[in-house]
Amino acid sequence: MKTYLILFWIFAKIGTFTLGGGYAMLPLIERELVDKGRYLDEQEFLDATAVAQAAPGILAINIAILSGYKMKGFWGSVCCALGAALPSFIIILLIALFFHNFKENPIVQRVFLGIRPAVVALIAVPVFRLAKTAGITYKTAWLPAVSALLVWLLGVSPVYVVLAAGLGGFLYGRVQGGAK
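Because the structure is a prediction, the values reported are computed rather than measured. (Residues numbered from 1 in each chain as written. Predicted model: local features only at pLDDT ≥ 70, side-chain atom pairs only at ≥ 80, totals over all residues. Heavy atoms only, no water.)

*Asks:* Explain the pattern of salt bridges to me, using residue names and the numbers behind them.
*Replies:* Side chains that differ in charge, positive against negative, can pair when their charged atoms come close. Summed over all chains, the structure comprises 3 salt bridges. Between Lys13 and Glu32 there is a salt bridge, with its nearest N and O atoms 3.5 Å apart. With Lys13 in helix α1 (residues 2-17) and Glu32 in helix α2 (residues 22-36), the pair connects residues that are 19 residues apart, well separated along the chain. Glu44 is the salt-bridge partner of Lys70, the closest N and O atoms lying 3.1 Å from each other. (Salt bridge = Lys/Arg side-chain N within 4 Å of Asp/Glu carboxyl O. Helix = DSSP H or I, 4+ residues; strand = E, 2+ residues; numbered from the N terminus.)

This is how it looks when you write it as structure tokens:
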């Protein structure tokens, strides 16, 4: 029972104090689960992150479910998911109840303007860390760059990019496997 509370607390703490969504949470989740608690190793975390990104739904909830399941099965996934979702749900509920009174306040608008660059930085950190863990090098950096440009500039659906990358990886594996 104590382990379930610890897992809930880890994700509740991260969910409460992280601005910027799932990508901003990734370095904190990694620090708690891989570095501090040693619940997962780096490869397991990278795999969970890849599956969480490819699966439909919210990244933070997906990674909480996958991590919790890996650590403690079904009830571990429930505890982690509740820990990740409950703080955000409560905060959004409070904002929805009271924000309409403050949204035109110049101080509130300046605070949100100041938060934006910090959120971009919080998202950039896990991108570079995951690229390093995934073995992205200068020779392979073109793949994520082209993927990002396809989505951003040409408006290609990320679903097609993920499917094409999966197919390309499968074919590459078949060719490499046949070459040995």
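Having seen it, we continue.
*Asks:* Residue-level account of the state of the cysteines, with values.
*Replies:* Applying the stated criterion to the full structure yields 0 disulfides. The thiol sulfur of Cys79 is not disulfide-bonded, and the nearest other cysteine sulfur, from Cys80, lies at 6.9 Å. Overall, Cys79 belongs to the buried group, its relative accessible area being 17%. Overall, the relative accessible area of 0% leaves Cys80 in the buried class. (Disulfide = S-S within 2.5 Å. Buried < 20%, exposed > 50% of the residue type's maximum accessible area, 1.4 Å probe, protein only.)

*Asks:* If you had to explain the packing of α1 against α2 to someone new, which residues and values would you point to?
*Replies:* The interhelical angle for the contact between α1 and α2, taken along N-to-C directions, is 155°, at an axis separation of 10 Å. Of the possible angle classes, the one that applies to α1 and α2 is roughly antiparallel. The handedness of the crossing between α1 and α2 is right-handed. Residues Ile10, Phe11, Lys13, Ile14 and Gly15 of α1 pack against Met25, Leu28, Ile29, Glu32 and Leu33 of α2. (Axes fitted to C-alpha atoms, helices over the stretch in contact; angles between N-to-C directions. Parallel < 35°, antiparallel > 145°, perpendicular 65-115°, else oblique. Left-handed = near helix turned anticlockwise from the far one by under 90°. Contact = heavy atoms within 4.5 Å.)

*Asks:* Explain a negative patch on the surface to me, using residue names and the numbers behind them.
*Replies:* The grouping of Asp35, Asp41, Glu42 and Asp47 at the surface amounts to a negative patch. Relative to the elements of secondary structure, Asp47 occurs in helix α3 (residues 42-54). The exposure class of Asp47 is partly exposed, given its relative accessible area of 40%. (Patch = residues over 30% accessible without salt bridge, like charges linked within 9 Å, V, L, I, M, F, W, Y side chains within 5 Å. Areas by Shrake-Rupley, 256 points an atom, 1.4 Å probe, with all protein chains shown as cover. Lys, Arg positive; Asp, Glu negative; His and termini not counted. Charge placed at Lys NZ, Arg CZ, Asp CG, Glu CD.)

*Asks:* Quick rundown of α2? Include the residues and the values.
*Replies:* Here α2 contains 15 residues, and its C-alpha end-to-end distance of 20 Å stays within 8% of the 21 Å for a straight helix at 1.5 Å per residue. In the structure, α2 departs most strongly from a straight axis at Leu28, where the bend amounts to approximately 30°. Those residues of α2 not exposed but buried are Gly22, Ala24, Met25, Leu26, Pro27, Ile29, Glu30, Glu32, Leu33 and Val34. Its buried side turned inward, α2 meets α1, α3, α4 (59-98) and α5 (106-133). Arg38, located one to two residues past α2, shows a positive phi value of around 55°. (Expected span 1.5 Å × (residues − 1). Bend = angle between axes of the 7 residues up to and from the residue.)

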